[in-house]
Amino acid sequence: MSEGEKMLRTVMGRLSRREVYHNMVTGQYMRIILRLMKREHLESQLMWHNLSPFDYHDIGKGFLDSDLLDSQGLYTKDQDLLMMAHVDYGSRLFQQIDGMEPDAHTFCRAAGQIVLYHHECYDGSGYPDGLSGKDIPLLARVCAVANVYTRLRENAGGLMYQRTIKESLDALKRSAGTFFDPDIVDVFVEGTTQALMEKQLVHQLDLIESNHFSF
Ligand SMILES: [Fe+2]
Ligand SMILES: [Fe+2]
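Residues numbered from 1 in each chain as written. Chains lettered and ligands numbered in written order. Predicted model: local features only at pLDDT ≥ 70, side-chain atom pairs only at ≥ 80, totals over all residues. Heavy atoms only, no water.

A. Spotlight on the overall build of the chain. Across its full length, the chain carries eleven helices and zero strands. Along the chain, helices (α) and strands (β) appear in the sequence α-α-α-α-α-α-α-α-α-α-α when read from the amino end. When burial is assessed residue by residue, the chain has 49% of its 215 residues classed as buried. Long-range contacts, defined as pairs at least 24 residues apart, comprise 69% of the intrachain contacts of the chain with a sequence gap of at least 6. If you sum the accessible surface of the chain, you get close to 10700 Å²; carbon and sulfur atoms cover 51% of it. (Helix = DSSP H or I, 4+ residues; strand = E, 2+ residues; numbered from the N terminus. Buried < 20%, exposed > 50% of the residue type's maximum accessible area, 1.4 Å probe, protein only. Contact = heavy atoms within 4.5 Å. Areas by Shrake-Rupley, 256 points an atom, 1.4 Å probe, with all protein chains shown as cover.)

B. Inspection of the coordination of the iron ion (ligand 1) at higher detail. At the metal site, the iron ion (ligand 1) is ligated by Asp-58 (OD), His-86 (NE2), His-118 (NE2) and His-119 (NE2), and these contacts range over 2.1 to 2.3 Å. In this structure, the iron ion (ligand 1) is coordinated by four donor atoms arranged in irregular fashion, with angles at the metal of 86 to 176°. Counting along the primary sequence, the residues that act as donors to the iron ion (ligand 1) give the motif D-x27-H-x31-H-H. A separation of 3.9 Å is found between the iron ion (ligand 1) and the iron ion (ligand 2), which are bridged by Asp-58. Here Asp-58, found in the loop between α3 (42-46) and α4 (66-70), pairs with His-86, found in helix α6 (residues 86-100); they are 28 residues apart in sequence, far enough to count as distant. Using a relative accessible area of 1% as the deciding quantity, one classes Asp-58 as buried. (Donors = N, O, S within 2.8 Å, 3.2 Å for Na, K, Ca; no water. Tetrahedral: all angles 85-135°; square planar, octahedral: opposite > 155°, others 65-115°.)

C. Molecular detail of the packing of aromatic side chains. Following the criterion strictly, the structure yields nine aromatic pairs and no others. Pairing Tyr-149 with Phe-188 gives two aromatic rings, centres 5.0 Å apart and planes at 85°, and the pair type is edge-to-face. Here Phe-188 lies in helix α10 (residues 182-198) and Tyr-149 lies in helix α8 (residues 138-153), a separation of 39 residues in the sequence. Through a chain of ring-to-ring contacts, three or more aromatic side chains come together here, namely Trp-48, Tyr-56, Phe-94 and Phe-107. (Phe/Tyr/Trp six-rings, centres within 6.5 Å; stacked < 30°, edge-to-face > 60°.)

D. Representation of the packing of α8 against helix α9 (residues 165-174) in the model. Where α8 meets α9, the axes come as close as 9 Å, and the angle between the chain directions of the two elements is 140°. As the angle between them shows, α8 and α9 are arranged oblique. α9 is crossed by α8, and the crossing has right-handed handedness. Taken together, the residues of α9 that come into contact with α8 (itself represented by Val-145, Val-148, Tyr-149, Leu-152 and Arg-153) are Ile-165, Ser-168, Leu-169, Ala-171 and Leu-172. (Axes fitted to C-alpha atoms, helices over the stretch in contact; angles between N-to-C directions. Parallel < 35°, antiparallel > 145°, perpendicular 65-115°, else oblique. Left-handed = near helix turned anticlockwise from the far one by under 90°.)

E. Expanded view of unusual backbone geometry. Of note, the amide linkage connecting Tyr-127 to Pro-128 takes the cis form, showing an omega dihedral of 10°. Mapped onto the elements, Pro-128 comes out in the loop between α7 (105-117) and α8. Phi at Lys-38 is positive, roughly 60°, even though this residue is not glycine. With respect to the element layout, Lys-38 can be found in the loop between α2 (17-36) and α3. If you check the backbone angles, His-49 has positive phi at about 50° while not being a glycine. For His-49, the position within the fold is in the loop between α3 and α4.

See the structure below:
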């Protein structure tokens, strides 16, 4: 295993099991969205060895204090600022790996964009750079939708999430054009609703969620 892969494994290893699953499930929803957008070919062009840039959006949390991560989203203002730094930490990690691994540039660039910009908002109110609209890289816009959908659906110790599919899709729709790229929300909501009706994606959705949320 190369040094870069070891670094990724080490930092992911600092995350709780729940957070590792959160990264993986978000990656799965990114794949579903890209498939609905007919852009599924993108991922194969971005792989490095067998690693996908879709599976690391919150890896920067591996550099944060574990007490902060354990507070389950109920943060003070100061904690919020510390938490927001996860995008910078993650992005720097991929820059570092890019500098060490000559064949990892495309992977690191894609992963770095997802990590750095997945909390940007379509209306420019997000962080770290306040990018808006299509200035936010496509994969980061896709990740923003996949990330929040995953958070809404996952079971965070029974605390505040685990909405139904319909409730979660409705929540995305309410934030289309403010938080999220409305075109991506449209594609995801329409595709998922249709799939539920046609029972096409249902098996896949069930599989992802039963594998990852039942602990
Ligand atoms: Fe994040
Ligand atoms: Fe996340």
